[in-house]
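This is what each chain is made of:
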Amino acid sequence: MSARDLHGPGAPWGAATPGSKSNTDFKVVGRALRKLDGLSKATGAALYADDLQLPGMLHAKTLRSPHPHARVLRVDASRALALPGVLAVITGASMPIKYGVIPWTPDENALAVDKVRFIGDPVAAVAALDEDTANAALKLIEVEYQVLHAYLDPFEALVRHDPPIHEDRKEGNISKNVRLEFGAVDEALAGADVVVEDDYEFHGTTHAAIEPHCALASCSADGVLTLWSSTQITHYVHRALAKVLELPPHKIRVVQLNLGGAFGGKSDPFSLEFCVAKLALVTGRPVKMLWTREEVFYAHRGRHPMHLHYKSGATRDGKLTGVDAKILIDGGSYSSFGLVTTYYSGQLLTGPYHFPTYRFDSSRVFTNKPPCGPKRGHGSVQPRFAFEVQLDQLAERLALDPIEIRRRNFQGDFTRTVNGQRVTSNGFLQCLDAVERASGWKQRRGKLGRGRGLGVAGSMYISGTNYPVYPNEMPQAGIQLKLDRSGLVTVFTGGNDIGQGSNSMVAYVVAEELGLKLEQIRVVAADTDLCPVDLGAYSSRVTFMVGNAAIDACRKLRAQLVAAVAQKWACDERRVRLIDGLAIDIEDAARSMTSVEVFQLAESKFDTLGATGSYNTPKLGGDYRGGTIGASPAYSFTAHVVECEVDVETGRVSVVRAWIAHDCGRALNPMIVAGQMEGSAYMGLAEALLEHHQLNRFGLHSGPSLLDYRLPTSVDTPELHALIVESIDPEGPYGAKEAGEGPLHPSIPALSNAIHDALGIRLKHLPFTPGKVLAALRQEQALRPARPHAALDEGSR
Amino acid sequence: MTVFSFHINGDRVEVAAPDHWTLLEVLRYRLGLTGTKQGCDKGDCGACTVLVDGRPWLACLTLAKSVEGREITTIEGLMPAHRKSGGAGADPLQDAFDRCGALQCGFCQPGMILSARALLARNPRPTRVEIRHALSGNLCRCTGYTQIFEAVESAVAQACGTTTAARAWEAQRERACEREDTP
Amino acid sequence: MLRLPKFELRSPRTLSEAIQLLEEAGPAAMVIAGGTDLVPNMKHELATPELLVSLAHIEELRGVRREPEGALAIGAMTSLAEVAASELVQRFAPALAQACSLVAGPQLRAMGTLGGNVLLDTRCQWFNQSYFWRQALGFCMKKDGSVCHVVQGGKNCVAAASNDTAPALMTLGARLELEGPEGSRTTAIDDFWVADGIVNKKLGASEILTRIVVPPTPRGHRGAYGKLRDRGSIDFPLLGVAVRLDVDETERVAHADVVVTALAAQPKRVAKVGDTLRGQTLGSPEFESAVLAVAELARKQCRPLPNIPGDADYRREMVPVYVKRTLFAAARGDGPVHHV
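Analysis parameters
- Residues numbered from 1 in each chain as written.
- Chains lettered and ligands numbered in written order.
- Predicted model: local features only at pLDDT ≥ 70, side-chain atom pairs only at ≥ 80, totals over all residues.
- Heavy atoms only, no water.
- Contact = heavy atoms within 4.5 Å.
- Buried area = accessible area lost by both parts, 1.4 Å probe.
- Salt bridge = Lys/Arg side-chain N within 4 Å of Asp/Glu carboxyl O.
- Polar contact = N/O pair within 3.5 Å; in protein donor to acceptor, adjacent residues only side chain to side chain.
- Helix = DSSP H or I, 4+ residues; strand = E, 2+ residues; numbered from the N terminus.
- Nonpolar A, V, L, I, M, F, W, Y, C, P; charged D, E, K, R; others polar.
- Domains from an automatic or database assignment.
- Pairing = 2+ DSSP bridges.
- Axes fitted to C-alpha atoms, helices over the stretch in contact; angles between N-to-C directions.

Draft legend 1. Geometry of the interface of chain B and chain A. Listed per partner, the contact involves 60 residues of chain B and 73 residues of chain A. Surface buried jointly by chain B and chain A totals about 5500 Å² across both partners, of which 50% is contributed by carbon and sulfur atoms. Summed over the shared surface of chain B and chain A, the result is nine salt bridges. The closest approach of N and O atoms between B:Arg28 and A:Asp51, which form a salt bridge, is 2.7 Å. Applying the counting criterion to the chain B and chain A interface returns 32 residue pairs in polar contact (both at pLDDT 80 or more). Of the residues forming the side of chain B that touches chain A, the biggest block, seven residues, is contributed by helix α7 (residues 169–177) of chain B. A per-class count over the side of chain B that touches chain A returns 23 nonpolar, 17 polar and 20 charged.

Right under this line is the structure:
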């Protein structure tokens, strides 16, 4: 059901008026409470996938392709099978059915069938008594390859497709092309007072969650297969296993334990999940596979490199007239979420600013590299970088304050974007105000001396979308509640807690709704046998959708609880309030009952107590092909100000501070929201300065390790200031929207803009390495006498 | 396969393991102490940090047999030691990490907490810069480190008898919501 | 998990026992100290010894002592953290203390030893990779193959000396004491290196580095270390610069030295540094121009190769900058030069 009507007069928190920003009416929501799983994690008790060991368990390893593009002519595992301690070897022939997280583009095999498409593509898997034996067996497998031309350059893949990377495709090596135009862009640009046109480049980066992927499968004697996996999409893994293994879904159980970080890197079904399942079926023993860090880099699904061309026009007073984008997306070897990525690269740019006209033409091409996929801020971080830098270029041309040009183009709340997306609450102006004030923008910008600067950028992001990856009319999120006579409520949710705290969020909602203490709630999550379906932790959908489903379930139960108490007290139900582990009579302070008594009373009256709840988005999206992709029930908004310091002699850019203002609707737990905001900003700044998922001239990852792929340490991370803005969304659970992905977006363009403020150079090609800074400085100095600063906007009119 | 003994969280244990096993493998797969995590395979991330004779040490680069006779502390050892000395609940540092929101996915935190524990043992009142440096061998991918710094500072404050909330969450929210039109 | 290849581990209690074990096993044996370099390399199958002889339990190899004549004698098994924190080293050999304080990250400095850092294997982005990785491109001449991917068609291995302590010890005129089956010997650290990335040091078969001896430094000794790296922790140097300035009572430079590392197979002493700086008074304009002249000498003499990760042109550009900054830091009695 739609959440639209949920927060009317029946709201459980008393007299709060809709839209109220006050948290005083809540007992649980809005407070910086502990997480459900914090202490178990802090004490080392929390179990992650590799922490499980089952009796008789085998260990599995993967043989991988050393070629970026080759035909697999022959795989001979006979010598490996002969090695003592080896129980089974499987190859592509064992699981020939293709899968893909997007059902329209199933182009992956668990193990290569016929072809390998990047260095690291899985070819065979071995199950053995121990890891050493499995590794030894890998060296005994003989594979004969016919090496094919490897596409490492996306521009080449765009125009050449002989040999194709994927056969049977109509458009050669083009994975997806989306061209959408809203309004007359060319006319709008022609009529603009000022136009800026430029090229931008976003490099590849990866998630690098600290936990490597791990999966463990076990098959019972009666044929029920259980998979414990480090996944953020239990439900899609369940579906994919059933398809590839040709098993009825009810014979498969998928469980996600504690997850050591994901960020989108565990939101595809992965080779190891199919391999351990198949090997468990073949051997009749539990089988575990833990990837090495190097293998995680090959599995990738990280941020797509993009070449972006933008042309934007504005009036003399800084109002945008049109935006025209052409984007080339380097997809790597498989589709993954690529169809969605291609849409997102254009569809998600149409806020928080009003675009009178807009066009984008995005092409994703296949290359013989590890497959790209969804990384935090899927598909929209790259265009956001380009556009927010371009907006600063426009402001510069018009001699406008960069915050002012953003204010002037604000789209407003409760409006519709140029591409037909419905926008509800929108706290972007408050975000701008917050970072402007906290950073001392007015007093400090442009006055910090050469080498030090402030930059701003804004963004918007989705709180889930109404596009489930496979078309169906069923709920996107479901919740089941079980009430126990002991006073305990057990919540069953398919939602995947990947460290973002979604299990805790569910507990906060249930405690608030049923007036319980937090300790009275247990959450059972992400187990396909036990929990109702939730689509998974992606697209920043969990708080919004699972939160609303939880409210839905609780309201049904609360009605029963209140009815039972009212009957007992022989009073009007409106006098009964459930709060803090008690039922109280709001007109008679002397009368109260503990929740244990309430539960028992209700169970006597109504029978065993439980309820289900669900959430589905309302109908959303533009009326055109692809119009529902990126259509969200609510959008979050963010503004950053970044303060940087550049050593002009070494070119090293240091971020001194970052102020992150984020409109999350309502912070159900401000401490957790702030953690998401700070973690997002950290990750964005890391991409801007340090991280690079880079391939060498052989098509081999140049440094697949946490030594060479440089995650910032505690001395490399700036002081981060989270400024929570609450716009109270009418449809979010208690007004909440997402906070996990949106706050990453502005950090990168804000840094580029800060560097411009510091030194007058525009960095448009990521990452901002010291070498690039020095080169830009040299160029700026060469041009400086003629045209200070403005000369650097080579592309501008 | 060699049999060797060492002290783990105060208990003497005898372990039989091949010479080429690391301490990390022995802890996780022989002793069932899975609180010590594995993130990078080879000494780059700090998730496997344990204390060897009180010093932060990477278990993934330590040959198991080489700790013969030494005192190892893992994340599982902190709460029992705290209880043994008369405390309640978890170790104060563990509690501070929970209280301050420093645990998101939690995977790096056992190592992080042990690095922080070693810091506080030699420097009970570290500055934020000292905390940054002491934790600079432990990668965290979730938090951006801020809430980790606050957790360590909060534990220090608590040890000094001053109880402070890491941040004034309510006040912060209201500040951010105000609109202010003048500089 | 990335596994170690199989081997036998022995942990002798005495040096002679260790040497005997090494001698008996011959080339199949290797010494392990802190293990922070060797263990990752073994996980990558870059070294596959059958026998590892651990020095961890040989007490005589630990500790920092000041000899009667003023030399510092540092046991090879003394941890980098201990050397960095040693008041003796900070006072008499500041460049060494600074270099030790910047090796890798805190845990690795607690585990890693000074001897191990001196003997650190050379590094290269085409070498420090897994067996699968190296096999995918046919290996390289440093291990299992015959070609060089850094200098295509190159005949010599150019893997980079990456030990932070080596240049500092070179500026300090350190001596290495080694013990082997033939007895003990001492060598100047300057004479220890060869220009070969495959093995860049003259370590005899079954020989163990036992002590590093830093000769007495004069009262006016100043030293500093500068390190370029991407992150403020964990990373190996992209460039390392150790400097020495010995000044007389009037703060005039009597002796000066600059050694740069992470360029090629061995650390490089910049030529004509002493001549350029000698006689200049710290803080004078002449001193400052002499420092700039030394930086320019370094730029001309040092050519980093694209052997380790990072842009080689940028590393080259940073040579004079880091030489200059490290010299100024030493003159101020300051350092290290490091971005955090």
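Draft legend 2. Layout of the domain arrangement of chain A. All names here are of chain A. With domains assigned, chain A is organised as domain 1 (3–30 + 475–615), domain 2 (49–148 + 213–290) and domain 3 (375–467 + 623–792). Measuring from the centre of the C-alpha atoms in domain 1 to the corresponding centre in domain 3 gives 37 Å. Counting residues at the interface gives 31 residues for domain 1 and 29 residues for domain 3. Taking both partners together, domain 1 and domain 3 bury about 2300 Å²; carbon and sulfur atoms supply 57% of that area. Summed over the shared surface of domain 1 and domain 3, the result is zero salt bridges. Counting the contacts that link domain 1 with domain 3 gives eight residue pairs in polar contact (both at pLDDT 80 or more). Going through the elements one at a time, α14 (502–514) and α15 (542–569) are the ones with two or more residues in the side of domain 1 that touches domain 3. Sorting elements by how many residues they give to the side of domain 1 that touches domain 3 places α15 first, with six residues. Looking at the side of domain 1 that touches domain 3 residue by residue, the class counts come to 13 nonpolar, 13 polar and five charged.

Draft legend 3. Up close: the sheet that holds strand β1 (residues 8–10) of chain C. Residue and element names in this part refer to chain C. Strand order in the open sheet formed by three strands is β1-β3-β2, with parallel pairing between adjacent strands. Each edge of the sheet is formed by a strand with only one pairing partner; in this case those strands are β1 and β2 (29–32). Strand-to-strand twist of the sheet, defined as the mean angle between neighbouring strand axes without regard to direction, takes the value 25°. Two strands pair when backbone bridges link them, and β1 and strand β3 (residues 51–54) are joined in this way by three bridges, in the parallel orientation. When the bridges of β3 are listed, Arg10 appears paired with Val53. On top of the sheet, helix α1 (residues 15–25) reaches β1, β2 and β3; it is set at about 165° to β3, its chief contact.

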